[in-house]
Amino acid sequence: MNSSLSARPLWPTANRTTRPLFGPSWFAAVMGTGIVANAAVTLPRSFHGLRTAATVVWVGAALLLILLTVGYLRQRALRLHAADPVMAQFFGAPPMALLTVGAGALLLGRRLIGLEAALDVDWALWSLGTVLGLVTACTVPYLMVTRHRFAPDAAFGGWLMPVVPPMVSAATGALLVPYAPAGQLRLALLLGCYAMLGLGLVATLLVLAMIYGRLVHHEAPTGAVVPTVWIGAGALGQSVTALGALAAVAPSALPAPYAQGTAVFALLAGIVVWGFAMLWLVLATGLTVRTIRAGLPFAPTWWSFIFPVGACVTATGTLAALTGSELFIWTAVVFYVPLVVSWVVVAGRSLRHAAGQVRRHRPVEADPRLHVPTVLSGTVRTTTDGRPVPEARVTLLDPAGDVVGVTLTAEDGSYAFTDLEGDHYTLVAAGYPARTTPLSLDGTGRGAFDLTLAHDEN
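The structure reproduced in this document is the subject of the present report. As the structure is a prediction and not an experimental result, all values here were calculated from the model.

### With respect to the overall build of the chain
Step number 1: For the chain, the helix and strand inventory stands at 11 helices and six strands.
Step number 2: Out of the 458 residues in the chain, the part that is buried amounts to 50%.
Step number 3: Entry remark: accessible area of the chain is about 21,900 Å², with carbon and sulfur atoms responsible for 66%.

What follows is the structure, encoded as structure tokens:
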């Protein structure tokens, strides 16, 4: 194994004039804001002024999407975040943000820009979001299997983020089915949406089983990880929404017997999955209340409270439309109230955090003699015998989960981050990604082959 003689920084460490890199998890703010707007349209009861307010919120989500997209691309941190086993999970947020804003364009934006323009926007965002979502759903699990290394208790709600986008594509794609050219193109779009629903739902159930096993066999999660438990309820709710939306448009593309079958399937499967979603919602609520009593620091994961509740609103509204049940009608309305309240709270805290980041990292001229840099250093060791681990990747995250710096440990397992400010940080250490090399033995009785392990340069 080749080892470096000193720590090699892969990204500049933090200082007083450099902003931390914000991660893809912040796109959950677009998802949460967009679902507040879109869910208002699907409510089975209409309220005066609600649609106008929802349109304003959708415009805010669209502007936030543009702002975050430009800011994230300017960072050029894609490979850095892909190499991080935690940050990579949240690559599912950008495609879902695109899909949510695109659906809002058709549901709400048509009043502002007209139906034709709204369709153009939705087709563009849905197509881009779907492609990115499918890439994420395939790539991130592949990285988890081949490159990232996880402890037995590593599973958390963020593991759902890469596999949920295809289900969102299915639900939002149903809005476009009636506008697709009749015939084979419309049929292909409908069947493709069902296939993406199956991809996302089966993968979601597999990940939920891993998360439940982690909750049962290990200590309960604490801190900023707890809100991600809510993502399970959102994934399940999104599948119910997709089933209902596709059943509603199936008659325009499928023969009558099959179209009727989609409605039956949406009702029966939807109620079953909705019941499981309610169980997960109760579990997530209990863990959150427990954590709030001990202290729940703000992080982008707080947006995990919003989209899942919004998905439960749309799922319940879907079942209300299928059954006409007053139980589902008023349950959807009741769910919408905490959705709006939670969105106001989380949006307010996010704005405060953003303002604090601007003030904190604004360049300030000061006497260098008064500046006392803070250094964070330590050693990465194995859990079995305490041996130092050279060339382990160490990532430093700020309280919001944004990357402050990344470095590799030295020969003696040591690392260091310099010029830090006093704050709460999170350290993430990861060993080498797995590497496979083919070899042949000549049958002479002895063979030797050296393996070289290393991290990709970013």
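There's plenty left to go through after this.
### A word on the pattern of salt bridges
Step number 1: Counting across every chain of the model gives one salt bridge.
Step number 2: Note that Arg45 and Glu326 form a salt bridge whose closest N and O atoms lie 3.3 Å from each other. Separated by 281 residues along the polypeptide, Arg45 in the loop between helix H1 (28–42) and helix H2 (50–75) and Glu326 in helix H11 (residues 326–360) bring together distant segments of the chain.

### Topic: the nonpolar core
Step number 1: Core analysis: the largest hydrophobic core is formed by 110 residues, its most contacted members being Met31, Val101, Trp303, Ile306, Tyr336 and Leu339.
Step number 2: Looking at this core element by element, the count peaks at 11 residues for helix H9 (residues 256–294).
Step number 3: Beyond its immediate sequence surroundings of up to four residues, Val101 is in contact with Val30, Trp58, Ala61, Ala62, Leu65 and Leu125.
Step number 4: In terms of nonpolar packing, the next biggest core, distinct from the first, is built from seven residues, Val380, Val394, Leu396 and Phe417 among them.

### Thoughts on the environment of Gly157
Step number 1: Relative to the helices and strands, Gly157 resides in the loop between helix H5 (115–146) and helix H6 (165–173).
Step number 2: Residue classification places Gly157 among the buried residues on the basis of a relative accessible area of 2%.
Step number 3: Separated by 144 residues in sequence, Gly157 and Thr301 place their C-alpha atoms 9.9 Å apart.
Step number 4: Apart from the residues within four sequence positions on either side, Gly157 is in contact with Ile211, Thr228 and Ile231.

### Points about the side chain of Thr262
Step number 1: With respect to the element layout, Thr262 can be found in helix H9.
Step number 2: Overall, the relative accessible area of 11% leaves Thr262 in the buried class.
Step number 3: What Thr262 contacts, discounting residues up to four positions off in sequence, is Tyr194, Ala247, Ala250 and Leu254.

### With respect to the packing of H6 against helix H7 (residues 184–217)
Step number 1: At their nearest, the axes of H6 and H7 sit 7 Å apart, and the two run at 145 degrees to each other. For the crossing formed where H6 meets H7, the hand is left-handed. In this structure, H6 contributes Pro166, Met167, Ser169, Ala170 and Gly173 to the contact, and H7 contributes Leu189, Cys193, Met196, Leu197, Leu199, Gly200, Leu201 and Thr204.

### Structural notes on the packing of aromatic side chains
Step number 1: Under the definition given, this model contains 11 aromatic pairs.
Step number 2: On the basis of an interplanar angle of 55 degrees and a centroid distance of 6.3 Å, the ring pair of Phe90 and Phe156 is categorised as tilted. Of the two residues, Phe90 sits in the loop between helix H3 (78–83) and helix H4 (93–113) while Phe156 sits in the loop between H5 and H6, which places them 66 residues apart along the sequence. Phe156 carries the same exposure label as Phe90, and that label is buried.
Step number 3: Each residue in the set Trp26, Trp230, Phe298, Trp302 and Phe305 is aromatic and connected to the rest through ring pairs, giving one cluster.

The rules behind these values
- Residues numbered from 1 in each chain as written.
- Predicted model: local features only at pLDDT ≥ 70, side-chain atom pairs only at ≥ 80, totals over all residues.
- Heavy atoms only, no water.
- Helix = DSSP H or I, 4+ residues; strand = E, 2+ residues; numbered from the N terminus.
- Buried < 20%, exposed > 50% of the residue type's maximum accessible area, 1.4 Å probe, protein only.
- Areas by Shrake-Rupley, 256 points an atom, 1.4 Å probe, with all protein chains shown as cover.
- Salt bridge = Lys/Arg side-chain N within 4 Å of Asp/Glu carboxyl O.
- Core = buried A, V, L, I, M, F, W, Y, C linked by side-chain atoms within 4.5 Å.
- Contact = heavy atoms within 4.5 Å.
- Axes fitted to C-alpha atoms, helices over the stretch in contact; angles between N-to-C directions.
- Left-handed = near helix turned anticlockwise from the far one by under 90°.
- Phe/Tyr/Trp six-rings, centres within 6.5 Å; stacked < 30°, edge-to-face > 60°.

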